[in-house]
Amino acid sequence: MKTYTIKKANAPITEESFAHANVARVDCSPWPDTLCPFTVEARLLYDDEAIYVNMACDEHPVTAVHTERDSDVYCDSCMEFFLAPNADDASYINIEINAIGTMLLHQGYDRHNNKKLPVADEIFDIKTVITQKGWQLFYKIPFSFLTEYFGKVTDTMHGNFYKCGDETPRMHYAMWSPIDLPEPDYHRPEFFGEIILEK
């Protein structure tokens, strides 16, 4: 099982702070017809208030047509983080965000057993940056939000980082923790890696 350790950082956490974070390379692309041609990396930090996420990809140009919350952002240029924050609770959140910051946010147990969460985008402070070299995504996940929906946050969590683009010029899928299935399916927590809060 892959392991990623989230370093603790001092507030305020800025874009520059992520230079000190561990790197999770989203470089597993197991399905030959949808190989990911991009370099994708995730960096996480945390403080007493939240987990902070930075994902970066050298995809250019980007596809981004979905502008409504919980729309099919995975069809666009999209980066995703699935997180099960409570080791005693099998459910997870899937946070899927396209290159213009549109988010899909669900909680569930698998692809068919999940629900939308009525949480305002503002608590996540989503920011995307698009350049000629690719695009980056920044947001935070407040511990208060995780505690509300999962009861608690344990030091050892589980999750996966993903890149996708179902309706981009080159359909592609990539992940950090490998998924051993014949066809793409990100909603498979049995393939999640360990995500540890460093003390």
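Each remark here, short or long, concerns the structure printed above.
The rules we used
- Residues numbered from 1 in each chain as written.
- Predicted model: local features only at pLDDT ≥ 70, side-chain atom pairs only at ≥ 80, totals over all residues.
- Heavy atoms only, no water.
- Helix = DSSP H or I, 4+ residues; strand = E, 2+ residues; numbered from the N terminus.
- Rg over C-alpha atoms; globule rule 2.2 N^0.38 Å.
- Buried < 20%, exposed > 50% of the residue type's maximum accessible area, 1.4 Å probe, protein only.
- Areas by Shrake-Rupley, 256 points an atom, 1.4 Å probe, with all protein chains shown as cover.
- Lys, Arg positive; Asp, Glu negative; His and termini not counted.
- Charge placed at Lys NZ, Arg CZ, Asp CG, Glu CD.
- Salt bridge = Lys/Arg side-chain N within 4 Å of Asp/Glu carboxyl O.
- Core = buried A, V, L, I, M, F, W, Y, C linked by side-chain atoms within 4.5 Å.
- Phe/Tyr/Trp six-rings, centres within 6.5 Å; stacked < 30°, edge-to-face > 60°.
- Pairing = 2+ DSSP bridges.

Caption draft 1: Representation of the overall build of the chain within the structure. Helix and strand counts for the chain come out as one helix and 13 strands. For 199 residues, the compact-globule estimate of 2.2 N^0.38 gives 16 Å, and the C-alpha radius of gyration of the chain, at 15 Å, lies within 12% of that figure. The principal-axis extent of the C-alpha atoms belonging to the chain is close to 40 × 35 × 30 Å. Taken over 199 residues, the chain has a buried fraction of 52%. For the chain, the exposed surface amounts to about 9300 Å²; the carbon and sulfur share of it is 48%. Positive and negative side-chain charges in the chain, numbering 17 and 32 respectively, have mean positions lying 4 Å apart.

Caption draft 2: Fine view of the pattern of salt bridges. In total, this model carries 13 salt bridges according to the counting rule given. The closest approach of N and O atoms between Asp48 and Lys8, which form a salt bridge, is 2.8 Å. Of the two residues, Asp48 is situated in the loop between strand E3 (40–46) and strand E4 (50–57) and Lys8 in strand E1 (residues 3–8); the sequence distance between them amounts to 40 residues. Given a relative accessible area of 62%, Asp48 falls into the exposed group. Exposure remark for Lys8: the relative accessible area of 47% places this residue in the partly exposed category.

Caption draft 3: Region of the structure containing the nonpolar core. Counting residues in each nonpolar core, the largest one holds 47 residues, and the members touching the most others are Ile51 and Phe161. Among the nonpolar cores identified, the runner-up in size contains 17 residues, and Trp31, Cys78, Tyr186 and Phe192 belong to it.

Caption draft 4: Broad picture of the environment of Cys36. Examined against the element boundaries, Cys36 turns out to sit in the loop between strand E2 (23–25) and E3. Residues Cys36 and Met79, spaced 43 residues apart in sequence, show a C-alpha to C-alpha distance of 12 Å.

Caption draft 5: The arrangement of the packing of aromatic side chains in detail. What the rule picks out here adds up to 13 aromatic pairs. Look at Phe124 and Phe145: their rings are 5.4 Å apart centre to centre, the planes differ by 80°, and that puts the pair in the edge-to-face class. Of this pair, Phe124 sits in the loop between strand E8 (113–116) and strand E9 (127–131) while Phe145 sits in helix H1 (residues 143–150), and the two are 21 residues apart along the sequence. As far as the burial class goes, Phe124 and Phe145 line up, both buried. Here the aromatic residues Trp31, Phe82, Tyr92, Tyr162, Tyr173, Tyr186 and Phe192 are joined through ring pairs into a cluster of three or more.

Caption draft 6: Seen up close, the pairing of strand E10 (residues 134–142). When you tally the buried positions in E10, you get seven out of nine residues, the bulk of the element. As judged from the eight bridges shared by E4 and E10, these two strands associate in the antiparallel manner. Paired with Ala50 across the strands is Pro142, a residue of E10. Counted between consecutive antiparallel strands, the loop separating E9 from E10 contains two residues.

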